[in-house]
Amino acid sequence: MSDPTPMSPDAADASQQASTDLRGLTVLVVDDNAHNRELLEAYLEELEVNVVGVEDGVSAMAHVEREPPDLILLDIMMPNMSGFQVCEKLKAHSETR
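Per chain, the residues get numbers from 1 upward, laid out in the order the sequence is written. Thresholds applied to this predicted model are a pLDDT of at least 70 for local features of residues and 80 or more for the giving and counting of side-chain atom pairs; totals over whole chains, interfaces and linings are not thresholded and use all residues. The side-chain figures draw on all heavy atoms in the structure; neither hydrogens nor water molecules are used.

*Asks:* Whenever I open this one, the pairing of strand β1 (residues 26–30) confuses me. Can you help?
*Replies:* For a regular strand, side chains alternate in direction, first toward one face of the sheet and then toward the other. Counted residue by residue, β1 has 5 buried out of 5 residues, so it is predominantly covered. Across the two faces of β1 the burial is the same, with Thr26, Leu28 and Val30 and Val27 and Val29 all buried. Across 5 bridges, β1 lies against strand β2 (residues 50–54) in parallel orientation. Each bridged residue has a counterpart across the sheet, and for Val30 the counterpart in β2 is Val54. What makes two strands pair is DSSP finding at least two bridges between them. Going along the chain from the N terminus, every DSSP run of H or I of four or more residues is numbered as a helix, and every run of E of two or more is numbered as a strand. In the sheet, β1 pairs with strand β3 (residues 71–74) via 4 bridges, with the strands oriented parallel. Looking at the pairing, Val27 lines up with Leu71 of β3. Throughout, exposure labels follow a simple rule: accessible area from a 1.4 Å probe, protein chains only, divided by the maximum for the residue type, with under 20% read as buried, over 50% as exposed, and the rest as partly exposed.

Rendered as structure tokens:
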């Protein structure tokens, strides 16, 4: 097995710049499992994004109406409104599509 090729300085700078370009964006994390939300929030802290966590699809839709996020990380299996239902509702409106 050969050693991986080291990243060139230009590629390393571009990689670093790409990760810092996310600074200040808002990410909505939707999961009924609090542990999963906390884990995702911990990973996202390094990217310096604003993280909002909610526990279900109904709360997600309410948040999107009040303050649309830049990205939504959405669980599928949730009570009250599944992730599939949230996606359908978001895609049905041009503002959230």
